[in-house]
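# Results of the structural survey
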Amino acid sequence: MAEERPGAWFGFGFCGFGQELGSGRGRQVHSPSPLRAGVDICRVSASWSYTAFVTRGGRLELSGSASGAAGRCKDAWASEGLLAVLRAGPGPEALLQVWAAESALRGEPLWAQNVVPEAEGEDDPAGEAQAGRLPLLPCARAYVSPRAPFYRPLAPELRARQLELGAEHALLLDAAGQVFSWGGGRHGQLGHGTLEAELEPRLLEALQGLVMAEVAAGGWHSVCVSETGDIYIWGWNESGQLALPTRNLAEDGETVAREATELNEDGSQVKRTGGAEDGAPAPFIAVQPFPALLDLPMGSDAVKASCGSRHTAVVTRTGELYTWGWGK
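The name given to the chain in an unreviewed UniProt entry is RCC1 domain containing 1, with Homo sapiens as the source organism.

If you want it as structure tokens, here you go:
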């Protein structure tokens, strides 16, 4: 579900379907623009082609390729195929509904179930009493359950504080501020210095002794923020998502005389091409398999990081937002 945040909401990026509330159908929104004035938004959930907005008054509005509105809403989660809506019930229970995204919230939902408040449902040791069978969703090739369909406990010593999923890998931040990673590693996104996959959560030894406050996973790159505000970043740098030199962002018209691939001492994969000012090949980092310390402009301290598939965003202690990577 979306997360509630106080203050004004802004949107930017691809808007070919009018995904930003009140923005019209501009193809690109190049800088942050406020969402429609006069709407007291408390929660936002964005899919690729539409966005769900929930107001403090409990009204749900959809904008983009999917449209529609509904009342008595507490939360919403948008995806291209499905829209999950949490609505207030007549009593202490809430009603969870799943709609086809193109339904415009008309007719009947694909699936609905009463949700017992957490305080009342804690006595159920298996968590199955209120779940019942997993209902099939017509035309959605999916099912819904309050519990994960595949469940495997973590090792007893791992107390998870945050879990982030990339396209092929997972990052876990534990209660002690240590970072673990596992999954696919062919782009160095695990941070262990190799391109090998890991089947079990493995501690990032390069970050031992540093207490992390947050982790974020992109498609094939990873970021973490320490409690002191430092940023560590690793993985695939194809679009400059690591803020390290990349060939794709080199100046247009640069002539490549020759190319070779080699490994640095730290294991990072470097491609060197001709054309540097001093006549030496210019280094470009394609893969960074170890965490690299990244300095923000003016020595700013970071407090939050987030990743798209091939781009990265960081918020500083003073409220500044920095973004880099793929912007097409």
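Here we take up the overall build of the chain. Helix and strand counts for the chain stand at 1 helix and 25 strands. Every one of the 328 residues in the chain was classed for burial, and the buried ones make up 42%. Here the analysis covers contacts within the chain between residues at least 6 apart in sequence; of these, 39% occur between residues at least 24 apart. As displayed, the chain has an accessible area near 18400 Å², and 52% of this comes from carbon and sulfur atoms.

Our focus in this paragraph is the sheet that holds strand β16 (residues 198-203). Across the sheet, 4 strands lie side by side as β13-β14-β15-β16; this open sheet has antiparallel pairing. Whereas interior strands pair on both sides, the edge strands pair on one side only; in this sheet they are β13 (160-165) and β16. Shown here is a sheet whose adjacent strand axes are inclined to one another by a mean of 15°, direction ignored. Note that β13 and strand β14 (residues 169-174) share 5 bridges and pair antiparallel. Each bridged residue has a counterpart across the sheet, and for E164 the counterpart in β14 is L171.

With that settled, consider the side chain of T316. Mapped onto the elements of the fold, T316 is located in strand β24 (residues 311-316). A distance of 3.1 Å separates polar atoms of two side chains, one belonging to T316 and the other to T318. Leave out the neighbours within four places in its chain, and T316 touches L296, S300, D301, A302, V303 and Y322.

Attention shifts here to the confidence of the model for the chain. In this model, the chain carries an average pLDDT of 80, and 74% of its residues clear a pLDDT of 70 or more. Note on residues 120-134: pLDDT under 50 across the span, and 15 contacts to partners over four residues away in sequence or across chains. Low confidence marks residues 272-276, where pLDDT is under 50. Its contacts with residues over four positions away, or in another chain, come to 22 contacts.

Relative to β24, strand β23 (residues 302-307) is paired through 5 bridges, and the arrangement is antiparallel. The residue bridging K304 from the neighbouring strand is V315, located in β24. Linking β23 to β24, which pair antiparallel, is a turn of 3 residues.

You can see G64 is positioned in strand β5 (residues 60-64). With 47 residues separating them in the primary sequence, G64 and F17 have C-alpha atoms 4.6 Å apart.

Here we take up the packing of aromatic side chains. Going through the model one piece at a time under the given rule, you end up with 4 aromatic pairs. Aromatic side chains F14 and W48 sit 5.8 Å apart centroid to centroid with 20° between the ring planes, which places their arrangement in the stacked category. Taken together, the residues F14 in strand β1 (residues 10-14) and W48 in the loop between β3 (41-46) and β4 (50-55) connect sequence positions 34 residues apart. Note on F14: relative accessible area 30%, which makes it partly exposed.

A word on the pairing of β5. Extensive coverage of β5 is indicated by the burial of 5 of its 5 residues. Summarising the sheet, β4 and β5 pair through 5 bridges and their orientation is antiparallel. In the strand pairing of β5, Y50 is matched with G64. Between β4 and the antiparallel strand that follows it, β5, lie 4 residues; G58 among them carries a positive phi value of about 90°.

Read from one edge of the open sheet, 4 strands run β3-β4-β5-β6, paired in antiparallel fashion. A strand with exactly one partner marks an edge of an open sheet, and here the two such strands are β3 and β6 (68-70). Averaged over all adjacent pairs, the angle separating strand axes in this sheet is 20°, with direction ignored. Relative to β4, β3 is paired through 5 bridges, and the arrangement is antiparallel. Its bridge partner being in β4, S45 is matched across the sheet by A52.

You will see that R72, though not glycine, has its phi angle at about 55°, which is positive. Relative to the assigned elements, R72 resides in the loop between β6 and β7 (73-78). Judged by its relative accessible area of 51%, R72 is exposed. Non-glycine residue M298 carries a positive phi angle of around 60°.

Turning next to the environment of E157. Turning to its location among the elements, E157 is positioned in the loop between β12 (142-143) and β13. When the C-alpha atoms of E157 and D174 are compared, they prove to be 9.4 Å apart, with 17 residues separating the residues in sequence.

All right, on to the side chain of S45 then. Here S45 is to be found in strand β3. Assessed through its relative accessible area of 8%, S45 is described here as buried. Side-chain polar atoms of S45 contact the backbone nitrogen of A78, separated by 2.9 Å.

About the thresholds
Residues numbered from 1 in each chain as written. Predicted model: local features only at pLDDT ≥ 70, side-chain atom pairs only at ≥ 80, totals over all residues. Heavy atoms only, no water. Helix = DSSP H or I, 4+ residues; strand = E, 2+ residues; numbered from the N terminus. Buried < 20%, exposed > 50% of the residue type's maximum accessible area, 1.4 Å probe, protein only. Contact = heavy atoms within 4.5 Å. Areas by Shrake-Rupley, 256 points an atom, 1.4 Å probe, with all protein chains shown as cover. Pairing = 2+ DSSP bridges. Axes fitted to C-alpha atoms, helices over the stretch in contact; angles between N-to-C directions. Polar contact = N/O pair within 3.5 Å; in protein donor to acceptor, adjacent residues only side chain to side chain. pLDDT = per-residue confidence, 0-100. Phe/Tyr/Trp six-rings, centres within 6.5 Å; stacked < 30°, edge-to-face > 60°.

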